[in-house]
Amino acid sequence: MSLEVDGLRVEIDGRAVVDGVSFVVPEGARLGLIGESGSGKSLTALAILGLLPDGARATGSVRWRGRELIGLTDRDLARLRGDEIGIVFQEPRTALNPIRTIGRQIAESVRIHESASRPEAAARAVDEARRVALADPERIVARYPHQLSGGQRQRAAIAMALACRPDLLIADEPTTALDVTIQAEILDLLLSLVEDDGMSLVFITHDLAVLAQIATHGVVLENGRVVESAPVADLLSHPSSEITRGLLRDATATVWRPGGEG
Ligand SMILES: Nc1ncnc2c1ncn2[C@@H]1O[C@H](COP(=O)(O)OP(=O)(O)OP(=O)(O)O)[C@@H](O)[C@H]1O
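Cut-off values and rules
Residues numbered from 1 in each chain as written. Predicted model: local features only at pLDDT ≥ 70, side-chain atom pairs only at ≥ 80, totals over all residues. Near = placed C-beta within 6 Å. Helix = DSSP H or I, 4+ residues; strand = E, 2+ residues; numbered from the N terminus. Pairing = 2+ DSSP bridges. Buried ≥ 20, exposed ≤ 12 C-beta atoms within 10 Å, placed from the backbone. Domains from an automatic or database assignment. Contact = placed C-beta atoms within 7 Å. Nonpolar A, V, L, I, M, F, W, Y, C, P; charged D, E, K, R; others polar. Core = buried A, V, L, I, M, F, W, Y, C linked by C-beta atoms within 7 Å.

(A) Spatial organisation of the site of the ligand. Lining the immediate environment of the ligand, one finds I12, V17, G35, S37, G38, S39, G40, K41, S42, L43, P53 and H206. If you tally residues by element for the shell around the ligand, the top one is helix α1 (residues 41-49), at three residues.

(B) Structural view of the sheet that holds strand β5 (residues 67-68). Ordered by their spatial adjacency, four strands build an open sheet running β2-β1-β4-β5, and the pairing between neighbours is antiparallel. The sheet terminates laterally at β2 (15-25) and β5, the two strands that pair on one side only. Pairing of strand β1 (residues 3-12) with strand β4 (residues 56-64), which is carried by eight bridges, proceeds in the antiparallel orientation. Within β4, the residue paired with V5 across the bridge is V62.

(C) Up close: the pairing of β1. Pairing geometry for β1 and β2, over eight bridges, is antiparallel. From the neighbouring strand, L3 faces β2, where its bridge partner is V25.

(D) Main features of the environment of T94. Assignment of secondary structure puts T94 in helix α3 (residues 92-95). The exposed category is assigned to T94, around which 8 C-beta atoms lie within 10 Å. Sequence separation between T94 and V5 is 89 residues; the distance between their C-alpha atoms is 26 Å.

(E) A look at the domain arrangement of the chain. For the chain, the assigned domains are domain 1 (1-84 + 168-262) and domain 2 (90-165). Summarising the inter-unit geometry, the C-alpha centres of domain 1 and domain 2 are found 25 Å apart. At the interface, 16 residues of domain 1 touch 14 residues of domain 2. No other element matches helix α8 (residues 180-197), which puts seven residues into the side of domain 1 that touches domain 2. Taken together, the residues that form the side of domain 1 that touches domain 2 break down as nine nonpolar, two polar and five charged.

(F) Just the nonpolar core, in detail. Ranked by size, the top nonpolar core spans 70 residues in total, and within it I106, A159 and I170 carry the most contacts. Here the element with the most residues in this core is helix α7 (residues 150-162); it accounts for seven residues. Each of domain 1 (1-84 + 168-262) and domain 2 (90-165) gives at least three residues to this core. Excluding anything up to four places from it in sequence, I170 contacts A45, I48, L49, I85, I87 and V202.

Pasting the structure below:
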């Protein structure tokens, strides 16, 4: 198992906002965390990454390749995030520095991971921009985040997250802020990159249609607890909880349901 989350609990000001969450992500598997707003998806991801906000405290167990992450020093967690675990957030602006060019930021990610010279890292930044299908990569690396569209910014943020060739990618609603057509393009891109690199994926969404496109297993959260955990095909065809049935009704696109009416 690459990631094992066992009895994860997150308390903020004494209130449990994540309560006994457990799931496993085998090597190369794609798992989705799904639930309504406020169900604890983001805090679960942030707890895994050691990025909880001030005042929040995680207990329980998060094992990455057998190593316990809860209680690890900030320095060790930062190294892990630069090296083995990539992160993409909903709003690429939070990942991008507004006063540095895209190329410089991707090059910095490269340099954190490997001891490349500045010119080598700059050349790699162009390759990484090409890899996320940013058009005209030689020119786009010279641009600043505000000079890009929302979709281009998310591609740049993905390039930064993947420049270190992580083994696990955690993506928190990475397409939610984008137009529907751009959403589909970014999902396709993520899926192909994850498959090409054999990465494990934890993908957060409130949209079962999106989950069905990217993940093979879904964990449904409600009020910080797991209410259902099943292969995505089962969530679609035999949702066992009321919350999953509600998510199915709210899904943005028609979801293919095995044996169902579509
Ligand atoms: N910094 C914080 N301080 C206090 N409470 C918080 C904080 N962050 C989140 N919460 C609370 O914790 C609960 C879970 O939040 P979380 O952001 O994990 O939900 P979510 O499922 O990711 O929702 P969304 O889809 O809206 O991001 C919510 O009740 C939220 O109000």
